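Fold and contact review
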Amino acid sequence: MNLWTLEYVLEVAKAGSISRAAQNLLLSQPHLSNTIKGLENELGISLFYRSAKGVVLTEEGARFVQEAEKILQQVDHLGASFRLRPADSVRVNLSVTRSYQINRCITRFINENAHKPHMLLRIKETNPFQVLKDLRTHESELGVLHFFEAQKEYFLNCFKTYCLRFEKHYERDFLVLMSAENPLAQVPVLTREMLAG
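These numbers come from a predicted model, not from an experiment.

What counts, and where the lines are drawn
Residues numbered from 1 in each chain as written. Predicted model: local features only at pLDDT ≥ 70, side-chain atom pairs only at ≥ 80, totals over all residues. Heavy atoms only, no water. Core = buried A, V, L, I, M, F, W, Y, C linked by side-chain atoms within 4.5 Å. Buried < 20%, exposed > 50% of the residue type's maximum accessible area, 1.4 Å probe, protein only. Helix = DSSP H or I, 4+ residues; strand = E, 2+ residues; numbered from the N terminus. Contact = heavy atoms within 4.5 Å. 1 Å grid on protein atoms, 1.4 Å probe; cavity = no way out; pocket = protein on both sides within 12 Å on 5 of 7 lines; lining within 4 Å. Points joined across faces, edges and corners; volume = space filled by probe spheres on them. Nonpolar A, V, L, I, M, F, W, Y, C, P; charged D, E, K, R; others polar. Salt bridge = Lys/Arg side-chain N within 4 Å of Asp/Glu carboxyl O. Phe/Tyr/Trp six-rings, centres within 6.5 Å; stacked < 30°, edge-to-face > 60°. Lys NZ or Arg CZ within 6 Å of the ring centre and 35° of its normal. Expected span 1.5 Å × (residues − 1). Polar contact = N/O pair within 3.5 Å; in protein donor to acceptor, adjacent residues only side chain to side chain.

1. Overview of the nonpolar core
- Ranked by internal contacts, the top residues of the largest apolar core, which has 20 residues, are Val9, Val12, Leu32, Ile36, Leu47, Phe48 and Phe64.
- Elements with a minimum of two residues in this core: helix 1 (3-15), helix 2 (18-25), helix 3 (29-43) and helix 4 (59-82).
- Tallying contributions element by element places helix 1 first for this core, with six residues.
- Apart from residues lying up to four places away in sequence, Val12 is in contact with Ser17, Ile18, Ala21, Leu32, Ile36, Phe48 and Val55.
- The next biggest cluster of nonpolar side chains, apart from the first, holds seven residues, and it includes Leu132, Leu135, Leu145 and Phe159.

This is the structure in C-alpha cells:
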C-alpha cells in the first residue's frame, strides 16, 4: 500500500468504473485492475462489488475510502506547509543509466539554476529496467535510459502500457577495442557470433 494506491482507489470509486478510472489516471486498465486486486489481497477484503456495469464500493470499501481521503488531505497539507515557490526552487528526481552525455546535461542544468536559493536534485544511476520501474512508481519524474536494439520492442511496449511519454535523442554504434595483433583486428565487419567467448 502506498499513496498512489490510495489515489487509485479513490479515482475508481469516483469514476464507478476501472476502465474510466484508468483513462483518467493515464494508466492501462489491466495495470490498475491488478493494483486494486493486489491491495484487496494484501488487506484481505473486497473494496468493490464488480459487475458488467462497473464497480460499487463495499461497506469496507466505503470505510477505506473515508480513511484514504483523510490521509491524502493530510499529505497535501504537509506538502503545502513546506513547499517552496517554483521561482525560488528547483526539485527534480532523476533515474538514469550511466552516460557521459547525461552527466554533461546535468552539469549544465545545475549551472543554469545555481543562483536559486533552494535546489534539490536527486540522481539515481541504475539499469534501464529500474529506470522504467522508478517512473512507473513515481519515484522519479524523469528517466533517461539506453537500451540495445534487441530490447527496443520491450521498452516501447512498456512505454505504451504505462502511458509514459518518451523521446528518442540519439542512436549510437558500439565500438570493440582490441590489440592490433588480435586475429579479429583485420576483419572489416564483426558479428556477434565472432565475439562469442
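And the narrative resumes.
2. Re the layout of surface pockets
- When its volume is computed, the second largest pocket comes out at roughly 460 Å³.
- Taken together, 13 residues line the second largest pocket, and the ones lying closest to its centre are Leu3, Trp4, Val75, His138 and Glu141.
- Broken down by secondary-structure element, the contributors of at least two residues to the lining of the second largest pocket are helix 1 and helix 4.
- A per-element tally of the lining of the second largest pocket places helix 4 first, with four residues.
- Split into classes, the residues belonging to the lining of the second largest pocket amount to four nonpolar, four polar and five charged.

3. Focus: the pattern of salt bridges
- Inspection of every chain in the model, using the stated rule, returns eight salt bridges.
- In this structure, Lys70 engages Glu67 in a salt bridge whose closest nitrogen and oxygen atoms are separated by 3.4 Å. Highlighted residues: Lys70 and Glu67, both in helix 4, separated by three residues, approximately one helical turn.
- Here Lys70 falls in the partly exposed class, since its relative accessible area comes to 46%.
- Put simply, Arg122, Lys124, Asp134 and Glu139 are held in one network by salt bridges that share partners.

4. Remarks on the packing of aromatic side chains
- If you walk through the whole model with that rule in mind, you get six aromatic pairs.
- Their ring planes at 35° and their centres at 5.2 Å tell us that Phe129 and Phe155 sit as a pair that is tilted. Note that Phe129 is positioned in helix 6 (residues 128-136) and Phe155 in helix 7 (residues 152-161), a separation of 26 residues in sequence.
- With relative accessibility at 0%, the residue Phe155 sits in the buried group.
- Consider the rings of Phe147 and Phe155, whose centres lie 5.0 Å apart with planes at 15°: the pair is stacked.
- Within the aromatic cluster, the residues linked to one another by ring pairs are Phe129, Phe147, Tyr154, Phe155, Phe159 and Phe166.
- Residue placement shows Arg136 over the ring face of Tyr162; its charged tip is 4.4 Å from the ring centre.

5. Let's talk about the environment of Leu142
- In this fold, Leu142 is placed in strand 5 (residues 142-144).
- Given the relative accessible area of 45%, Leu142 is considered partly exposed.
- Measuring from C-alpha to C-alpha, the distance between Leu142 and Gly79 comes to 20 Å, with 63 residues separating the pair along the chain.
- When sequence neighbours within four positions are dropped, the list of residues in contact with Leu142 reads Asn93, Leu94, Ser95 and Leu135.

6. Digging into helix 3
- End to end, helix 3 covers 21 Å across 15 residues, agreeing with the expected 21 Å (1.5 Å per residue, within 8%).
- Within helix 3, the full set of buried residues consists of His31, Leu32, Ser33, Thr35, Ile36, Leu39 and Glu40.
- Here helix 3 starts with a cap whose side-chain oxygen sits 3.2 Å from the backbone nitrogen of His31, and that cap is Ser28.

In short, geometric facts, not functional conclusions.
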